[in-house]
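# Notes for the structure review
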Amino acid sequence: MIDTHGIVKTFGRLKALDGVDLHVQQGKVFALLGPNGAGKTTMVRVLSSLMRPDAGTATIAGHDVVRESRKTRSVISLTGQYAAVDELLTGEENLRMMARLRKLSRARARQRASELLEEFELVEARGRPVKNYSGGMKRRLDLALSLVTTPQVLFLDEPTTGLDPRSRLDLWAKVRNLARGGVTVLLTTQYLEEADNLADQVAVLDRGRVVALGTPEELKRLVPGGRIELAFGTEEDLRAAAARVPGLVEELRLSVPTDGSAGEVKRVLDALDGIELAELTVRKPSLDDVFLQLTGGRAA
Amino acid sequence: MTLTLVWRSLRHLTRSFDNLLMTVFLPLMILLLFVYVFGGAINTGTAYINYVVPGIVLLCAGYGASQTAVSVTNDMVRGIIDRFRSLPIAGSAVLTGHVAASVARILVSTAIVVGVALGIGFRPSATAAEWFGVLGMLVLFVLAMSWLSVVFGLIARTVEGAGGFSFFVLFLPYVSSAFVPTHTMPAALQFAARNQPMTPIIETTRGLLLGTPIGNSGWLAVAWCVGILVVSYALARYLFERRSSH
Ligand SMILES: Nc1ncnc2c1ncn2[C@@H]1O[C@H](COP(=O)(O)OP(=O)(O)O)[C@@H](O)[C@H]1O
Ligand SMILES: [Mg+2]
């Protein structure tokens, strides 16, 4: 559904994208994971025909994003990194305008606006100018505007940055639903956790290059950053524990490598049955770990 | 498509109180200022109100059109332009929307100014056909100025920068035959005043309204407006594509 070959984009002397190849199948969720400045937004802008690449080709549903930008635009929807809403119009007017621009009839536009206001919990604010909305409300409206008609490909640039935890979960559920309905989703994120939860495939982007590509499982195997940290009251407890589960001993602490899953934690706790445990902390592989691993010690 | 975007631009007008105030009250203030404050001191050979109303109408139309620059820059510096551009519509329809709204807004404010002017003693001698001529001249002028404003709106990097253009446009009619006959000016200024587009446009409008001689002003006015319109429109399309694809 999305295929790119050797995408290059330079800004002056900076290579924001340096030969990016991506392949995303229909109905899959693909995550572009990378720190600030990695080139995620640039890639999304190229793919959504807002920016011409300096080299390379990209097709969306078979349409070349540069030569067939009109056709490309008819199959995509974009929710950019910063809310693209009309601040002077009300939430409802924004939705109705977008529906009309998507060629829905007047009656259908009104109906679709109402449905989306309902779905994104904006009913109460429907008649207020958007400039008075909170950040989270603007973000929800922004996403609703992208879903006025169901696109074949949906781009979400850091969709959960700045959202509270509950809204983040809501959004994750929506993305999963869309993918189940056949929509191909390409999202960018700085959070490994998000890529892990949502994506079928993850590409790690660093300084314009894809430095790792695979399923979240494959990726985490690359990153042995996860561990369970156990603290004990006495030397005896520590020694007894270390005999049962292998790990790194440091003072009264034992650090056990893990993938961070609940099953692993349970296995470790079962193995330690009978030994008194002062404290337990699960440390998941973080994006920092990914980058330490993949870029040879340079922090994200 | 374009109609939806015209609707959007018109909605913006009603949402922004400052804008509404500027559109209606500024022209009226200028009219009253010229007629009652300066009117007594300037001798143009006819009743000054008759001399000055055409100039004021065009001053206000030009100034009103220049506000388009601000609307365009406002869109360009915000994320909304990306949303429009990622739709399968001509991105420049957003610009057309602003221009169409600008024409509508100026026609309304001009009607108010002319209405008040008639109320305080403006006595045009125009026939129905001549009134249509005035309307045509006005629409052509507003279209040209609005597209020119779009160009400045696309060049400006900040909304304040775009506002600077309005200031320039507001000043332009003073160095023309809008408020005083050009022969009363110093020689260098006379040259500038006679050869800038505002003068033939004002002379044409005045001729149509009051029966003063038009001469070749009519053709000059139309040529200036069409020229500015064509060049600005092409430039706006070009700048829009360029500015938003980087
Ligand atoms: N329009 C631009 N002009 C100049 N440099 C840019 C532009 N857009 C992005 N960059 C630079 O390109 C790099 C990648 O940016 P971006 O794609 O926004 O990264 P991300 O979205 O991953 O944070 C950054 O170093 C950024 O400063
Ligand atoms: Mg970004």
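Structural notes, computed from the coordinates. Please read all numbers here as calculations on a predicted model, not as lab measurements.

In terms of helices and strands, chain A carries 11 helices and 14 strands. Taking the principal axes of the C-alpha coordinates as reference, chain A spans close to 75 × 45 × 30 Å. A separation threshold of at least 6 residues defines the contact pool for chain A, and within that pool the share at least 24 residues apart is 65%. Taken as a whole, chain A presents about 14100 Å² of accessible surface, with 48% of it coming from carbon and sulfur. Both charge centroids of chain A, one from 43 positive and one from 41 negative side chains, sit 10 Å from each other.

What follows covers the packing of helix α3 (residues 48-77) of chain B against helix α7 (residues 159-171) of chain B. Residues and elements named next belong to chain B. At a minimum axis separation of 8 Å, α3 and α7 run at an interaxial angle of 170°. Judged by the inter-axis angle, α3 sits roughly antiparallel to α7. Of the residues in α7, those in contact with L59, G62, Y63, S66, Q67, A69, V70, T73, N74 and V77 of α3 are V159, A162, G163, F165, S166, V169 and L170. Taken together, the residues of the contact of α3 with α7 break down into 10 nonpolar, 7 polar and no charged.

The next point concerns the interface of chain B and chain A. Taken residue by residue, the interface counts 22 residues in chain B and 28 residues in chain A. Of the roughly 2500 Å² buried where chain B meets chain A, counting both sides, 58% is carbon and sulfur surface. Joining chain B to chain A, the criterion identifies 5 salt bridges. Note that R8(B) and D86(A) form a salt bridge whose closest N and O atoms lie 2.6 Å from each other. At the junction of chain B and chain A, the tally comes to 12 residue pairs in polar contact (both at pLDDT 80 or more). The leading source of residues in the side of chain B that touches chain A is helix α1 (residues 2-15) of chain B, at 7 residues. Considered class by class, the residues forming the side of chain B that touches chain A number 9 nonpolar, 7 polar and 6 charged.

Here we take up the sheet that holds strand β5 (residues 63-64) of chain A. Residue and element names in this part refer to chain A. Read across the sheet, 4 strands follow the order β2-β1-β4-β5 without closing on themselves; strand pairing throughout is antiparallel. Two strands bound the open sheet, and with one partner strand each, they are β2 (14-24) and β5. Pairing of strand β4 (residues 55-60) with β5, which is carried by 2 bridges, proceeds in the antiparallel orientation. Its bridge partner lying in β5, T59 is registered against D64. Strands in contact with helix α1 (residues 40-47) are β1 (2-11), β2 and β4; relative to β1, the strand with the most contacts, it is inclined by about 120°.

All names here are of chain B. On the surface, L32, L33, Y36, V37, F38, V108, I112 and V116 cluster together into a nonpolar patch covering about 670 Å² of accessible area. The leading source of residues in the nonpolar patch is helix α2 (residues 17-38), at 5 residues. If you trace the backbone, L32 turns up in helix α2.

Strand pairing in a sheet is mediated by backbone hydrogen bonds. Such pairs are either parallel or antiparallel. All names here are of chain A. Taken together, the 6 strands give an open sheet; going across it, the order is β6-β7-β8-β3-β9-β10, and neighbouring strands pair in mixed fashion. Each edge of the open sheet carries a strand with a single partner, namely β6 (76-79) and β10 (209-214). Adjacent strand axes in the sheet meet at a mean angle of 15°, parallel and antiparallel pairs treated alike. Where β6 meets strand β7 (residues 153-157), 4 bridges bridge the pair, whose relative direction is parallel. Bridge pairing links S77 to L154 in β7. Strand contacts of helix α5 (residues 135-146): β6 and β7, with the helix running at about 170° to β6, the strand carrying the most contacts.

Attention now goes to the pattern of salt bridges. Summed over the entire model, instances satisfying the criterion amount to 25 salt bridges over all chains. Here R209(A) and D18(A) are joined by a salt bridge, their closest N and O atoms 3.1 Å apart. Note that R209(A) is positioned in strand β10 and D18(A) in strand β2, a separation of 191 residues in sequence. Of the residues examined, R209(A) reaches a relative accessible area of 47% and is grouped as partly exposed. One salt bridge connects D142(A) with R83(B), and the closest N-O pair in it is separated by 2.6 Å. Of this pair, D142(A) sits in helix α5 while R83(B) sits in helix α4 (residues 80-85), placing the two residues on different chains.

Residues and elements named next belong to chain A. Around ligand 1 sit F11, L14, A16, P35, N36, G37, A38, G39, K40, T41 and T42, and that is every residue in its neighbourhood. Note that an oxygen atom of ligand 1 is positioned 3.1 Å from one of the backbone N or O atoms of A38. One of the side-chain nitrogen or oxygen atoms of T41 is found 2.7 Å away from an oxygen atom of ligand 1. In isolation ligand 1 offers 560 Å² of accessible surface; the protein chains occlude 63% of this area. Sorting the residues of the shell around ligand 1 by element identifies β2 and α1 as the ones contributing at least two each. Of the residues in the shell around ligand 1, the class split is 5 nonpolar, 5 polar and 1 charged.

A word on unusual backbone geometry. Keep in mind that most residues, glycine aside, have a negative phi and that most peptide bonds are trans. One non-glycine residue, S49(A), lies in positive phi territory at about 65°. One can find S49(A) in the loop between α1 and β4.

Okay, the environment of L20(B) next. Residues and elements named next belong to chain B. Here L20 is to be found in helix α2. Note on L20: relative accessible area 42%, which makes it partly exposed. Considered as a pair, L20 and V53 are 33 residues apart in the sequence and their alpha carbons are 21 Å apart.

At a minimum axis separation of 10 Å, helix α3 (residues 91-101) of chain A and α1(B) run at an interaxial angle of 160°. For the element pair α3(A) / α1(B), the angle class is roughly antiparallel. Considering only the axes of α3(A) and α1(B), their crossing is left-handed. Residue-level contacts link E93(A), M97(A), R100(A) and L101(A) of α3(A) to T4(B), L5(B), W7(B), R8(B), R11(B) and R15(B) of α1(B). Partitioning the contact of α3(A) with α1(B) into residue classes produces 4 nonpolar, 1 polar and 5 charged.

The rules we used
- Residues numbered from 1 in each chain as written.
- Chains lettered and ligands numbered in written order.
- Predicted model: local features only at pLDDT ≥ 70, side-chain atom pairs only at ≥ 80, totals over all residues.
- Heavy atoms only, no water.
- Helix = DSSP H or I, 4+ residues; strand = E, 2+ residues; numbered from the N terminus.
- Contact = heavy atoms within 4.5 Å.
- Areas by Shrake-Rupley, 256 points an atom, 1.4 Å probe, with all protein chains shown as cover.
- Lys, Arg positive; Asp, Glu negative; His and termini not counted.
- Charge placed at Lys NZ, Arg CZ, Asp CG, Glu CD.
- Axes fitted to C-alpha atoms, helices over the stretch in contact; angles between N-to-C directions.
- Parallel < 35°, antiparallel > 145°, perpendicular 65-115°, else oblique.
- Nonpolar A, V, L, I, M, F, W, Y, C, P; charged D, E, K, R; others polar.
- Buried area = accessible area lost by both parts, 1.4 Å probe.
- Salt bridge = Lys/Arg side-chain N within 4 Å of Asp/Glu carboxyl O.
- Polar contact = N/O pair within 3.5 Å; in protein donor to acceptor, adjacent residues only side chain to side chain.
- Pairing = 2+ DSSP bridges.
- Patch = residues over 30% accessible without salt bridge, like charges linked within 9 Å, V, L, I, M, F, W, Y side chains within 5 Å.
- Buried < 20%, exposed > 50% of the residue type's maximum accessible area, 1.4 Å probe, protein only.
- Near = heavy atom within 4 Å.
- Left-handed = near helix turned anticlockwise from the far one by under 90°.

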